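Each chain, written out:
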Amino acid sequence: SDEALRVNVGGVRRLLSARALARFPGTRLGRLQAAASEEQARRLCDDYDAAAREFYFDRHPGFFLGLLHFYRTGHLHVLDELCVFAFGQEADYWGLGENALAACCRARYLERRLTQP
């Protein structure tokens, strides 16, 4: 639908533009926005409040703020407060690959990933 998506990620609530999400249809939120049924949408989130029409995700709220920036700009920046493996897991969960990393962060991310035991 063209309706905005109401999400709550780790306590951070946002109303997301359908147009912004449609730019990245392969991501979890892009797929959620395009879901053909409530059942299909429920498989992409941790919980759903039908009365509030709000989708819940039990994920890192700091990463979510970076994810919002990605939907606005198309670039994902590394978060220093997350270890490189947690960052990679969050990126994978939301459907972002290493190609989504901003050029300014890619080398640092790959170096940190290679040097971590």
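The numbers attached to residues start from 1 for each chain and follow its sequence in the written order. In view of the model being predicted, local features appear only for residues whose pLDDT reaches at least 70, and side-chain atom pairs are presented and counted only at 80 or more, with totals across whole chains, interfaces and linings using the full set of residues. Excluded from the side-chain calculations are hydrogens and water; all other atoms, namely the structure's heavy atoms, are used.

## Thoughts on the state of the cysteines
No. 1: The criterion for a disulfide is a pair of cysteine sulfur atoms lying within 2.5 Å. For the structure on display, the rule yields zero disulfides.
No. 2: In this structure Cys 83 is not part of a disulfide, and its nearest cysteine sulfur, from Cys 105, lies 16 Å away.
No. 3: Lacking any disulfide linkage, Cys 104 is separated from the closest cysteine sulfur, that of Cys 105, by 3.8 Å.
No. 4: Only protein chains enter the calculation, and the probe is 1.4 Å; a residue is then buried if its accessible area is under 20% of its type maximum, exposed if over 50%, and partly exposed in between. Relative accessible area serves as the criterion here: at 59%, Cys 104 is assigned to the exposed category.

## Description of the nonpolar core
No. 1: Residues Leu 29, Phe 55, Phe 57, Phe 63, Leu 67, Leu 76 and Phe 87 are the most contacted members of the largest nonpolar core, which totals 36 residues.
No. 2: Note on contacts: a residue pair qualifies if any of its non-hydrogen atoms lie within 4.5 Å across the two residues. Beyond its immediate stretch of four places on either side in the chain, Leu 29 contacts Leu 5, Val 7, Leu 16, Leu 21, Phe 57, Phe 64, Leu 67, Tyr 71 and Trp 94. Only buried residues count toward a nonpolar core. Its members are Ala, Val, Leu, Ile, Met, Phe, Trp, Tyr and Cys residues joined through side-chain atoms within 4.5 Å.

## With respect to the sheet that holds strand β3 (residues 47-49)
No. 1: Two strands qualify as a pair provided DSSP detects at least 2 bridges between them. Each helix is a run of H or I in the DSSP string that is no shorter than four residues. Each strand is a run of E no shorter than two, and both are numbered from the N terminus. Reading across the sheet, the four strands line up as β2-β1-β4-β3 and stay open at both edges, with mixed pairing between neighbours. At either end of the open sheet lies a strand with only one pairing partner, and these are β2 (12-16) and β3. Taken over all neighbouring pairs, the strand axes of this sheet differ in orientation by 25° on average, direction set aside.
No. 2: Relative to strand β4 (residues 54-57), strand β1 (residues 5-9) is paired through four bridges, and the arrangement is parallel. Only C-alpha atoms enter the line fits that serve as axes; for helices the fit covers just the stretch in contact. Angles between N-to-C directions range over 0 to 180 degrees.

## A closer look at the UniProt feature "domain: BTB" (unreviewed entry) in the protein chain
No. 1: UniProt positions are given in the numbering used here, feature names are shortened, and annotations may be inferred rather than shown by experiment. The feature "domain: BTB" (unreviewed entry), as given by UniProt, occupies residues 3-112 in the numbering adopted here.
No. 2: Measuring from the first to the last C-alpha atom of residues 3-112 gives 39 Å, for a span that is 45% helix and 15% strand.

## Considerations on the pattern of salt bridges
No. 1: Throughout this description, the term salt bridge denotes a Lys or Arg side-chain nitrogen within 4 Å of a carboxyl oxygen of Asp or Glu. For the structure on display, the rule yields seven salt bridges.
No. 2: Here Glu 54 and Arg 13 are joined by a salt bridge, their closest N and O atoms 2.8 Å apart. One end of the pair, Glu 54, is in strand β4; the other, Arg 13, is in strand β2, with 41 residues separating them in the sequence.
No. 3: Ionic pairing is found between Asp 80 and Arg 112, a salt bridge with its closest N-O pair at 3.6 Å. In this pair, Asp 80 sits in the loop between α4 (61-73) and α5 (84-93) while Arg 112 sits in helix α6 (residues 103-115), placing the two residues 32 residues apart along the sequence.

## Some points on α4
No. 1: For a helix, the expected span equals 1.5 Å multiplied by the number of residues minus one. The terminal C-alpha atoms of α4 lie 19 Å apart, and with 13 residues this matches the ideal 18 Å at 1.5 Å per residue to within 8%.
No. 2: Turning to α4, its buried residues are Gly 62, Phe 63, Phe 64, Gly 66, Leu 67, Leu 68, Phe 70 and Tyr 71.
No. 3: Packed against the buried residues of α4 are β1, β2, α1 (18-22), α2 (28-34) and α5.

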